[in-house]
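# Structural characterization, general
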Amino acid sequence: MSTENLPQSPGRPARKPRVAVVFGGRSSEHGISVVTAGAVLRAIDRTKYEVLPIGITPEGRWALTADAPERMAITDRRTPSVEELAESREGGVVLSADPTSREVVYSEPGSVPKALGEVDVVFPVLHGPYGEDGTLQGLLELSGVPYVGSGVLSSAVGQDKEYMKRVLASFGLKVGPYMVIRPREWQRDPAAARKRIVDFAGEHGWPLFVKPARAGSSIGITKVDDLSGLEEAIAQAQRHDPKILVEAAVRGREIECGVLEFEDGPRASVPAEIPAPEDHAYYDFEAKYIDSTPGIVPAPLTEEQTAEVRRLAVEAFEAASCEGLVRADFFLTEDGEFVINEINTMPGFTPISMYPQMWQASGVGYPELVDRLIQAALRRPTGLR
């Protein structure tokens, strides 16, 4: 679908494509999603697109929100929320599940539902479960509405770090040592599950990183230096996901690379390096978003290393059948080998996030980046492709 083929009313001038920016959500990354939405709303070319902001509250209500990017910023080390932007505490937005209609309807208790018009493309800037993990993408597929980013399977694979690593490894990309503890293992025999982790540490050494298997933005992650910190690390990860991932530390430099879908296929940005933050044990949520630890763009790599990591980033994009955008995160080990840590199908997209910074250094500024993602979504059909 292109912007030239949008449905028009007889006798009326061609209308601009209508973009619904959907943000917030039920995950622990709600606030960062709102910040990302503010940046996207600020960057969308209003002479080219109509915009409909839709926020999802932590409880899952779809709310019509103010188009107010200035209210979607981190202030006093606090992230914003959809509730602060919603035009009503009870009103809800509904997207039709009928693929022959892209009508969006708004309703409030005791009032006649109000049609808000059709949506031509959805720009979902949700992070984590119930948005980035294929659930929203499935709804949009049922509704027949094009959307920015990867499809159902790729989004699900990108969200679940276990299956992400399995897929990437099956395509020949090198991943670091890891293990997974599933919920049934904890329920069946917690002592045996803990022993597996201790045995893993005995094989690979400390420190370990204990993570929620299906969360992002470094939320719920703990660097564990010895056995004394293990119990609290497990509890912290399980607050966000009953399934946890345990990774051995990979000694090396942290290198990131962005992938963007162009008309002729995916291309990789210049890479960036994430230096070890001075006041944090690792590159955690606070370092990323609150203290804004700066990355080095472009990364100080040799020409050969730069070419290699860009090649591997596109390989990871293709391995998981991704669409639109991906940020691929690597370790460059002391022996010069790139080990992929993870891919992110909806990476941090605030102006200070590494993905936009890498593309800025590659010659694609933030407004153009947003426009390219919308155009790529409009070119793609929904359904099997």
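Before any of the text, the structure's been laid out above.
One structure accompanies this document, and this report is about it. On a predicted model such as this, the values are computed, not experimentally measured, just so you know. (Residues numbered from 1 in each chain as written. Predicted model: local features only at pLDDT ≥ 70, side-chain atom pairs only at ≥ 80, totals over all residues. Heavy atoms only, no water.)

One open sheet holds the four strands; their spatial order is S3-S2-S1-S7, and the pairing between them is mixed. Of all strands in the sheet, those bounded by a partner on one side alone are strand S3 (62–64) and strand S7 (121–124). Ignoring which end each strand starts from, the neighbouring axes of this sheet average 30° apart. Sheet topology places strand S1 (residues 18–24) next to strand S2 (residues 50–56); seven bridges connect them, and they run parallel. The partner of Gly-24 across the bridge, within S2, is Ile-56. Strands in contact with helix H1 (residues 30–43) are S1, S2 and S7; relative to S1, the strand with the most contacts, it is inclined by about 155°. (Pairing = 2+ DSSP bridges. Helix = DSSP H or I, 4+ residues; strand = E, 2+ residues; numbered from the N terminus. Axes fitted to C-alpha atoms, helices over the stretch in contact; angles between N-to-C directions. Contact = heavy atoms within 4.5 Å.)

The next thing to look at is the side chain of Gln-137. Summarising the element assignment, Gln-137 is placed in helix H2 (residues 135–143). Classification of Gln-137 as buried rests on a relative accessible area of 6%. Contacts of Gln-137, omitting those with residues within four sequence positions, involve Gly-131, Glu-132, Tyr-147, Ser-150, Gly-151, Val-152 and Ser-155. (Buried < 20%, exposed > 50% of the residue type's maximum accessible area, 1.4 Å probe, protein only.)

Tallied over the full model, the rule gives 29 salt bridges. Between Arg-372 and Glu-263 there is a salt bridge, with its nearest N and O atoms 3.3 Å apart. Here Glu-263 lies in the loop between strand S12 (252–262) and strand S13 (265–268) and Arg-372 lies in helix H11 (residues 366–379), a separation of 109 residues in the sequence. When its relative accessible area of 58% is taken as the criterion, Glu-263 is described as exposed. (Salt bridge = Lys/Arg side-chain N within 4 Å of Asp/Glu carboxyl O.)

Take the packing of aromatic side chains next. One pass over the full model with this rule turns up five aromatic pairs. Between the aromatic rings of Phe-330 and Phe-338, the centroid separation amounts to 6.1 Å while the plane-to-plane angle is 80°, which identifies the pairing as edge-to-face. Taken together, Phe-123, Phe-349, Tyr-355 and Tyr-366 form an aromatic cluster joined through their ring pairs. Over the aromatic face of Tyr-130 sits the side chain of Arg-26, whose NZ or CZ is 3.9 Å from the ring centroid. Geometry around Phe-262 places Arg-267 over its ring, the cationic atom sitting 4.0 Å from the centre. (Phe/Tyr/Trp six-rings, centres within 6.5 Å; stacked < 30°, edge-to-face > 60°. Lys NZ or Arg CZ within 6 Å of the ring centre and 35° of its normal.)

Structural measurements only, silent on function.
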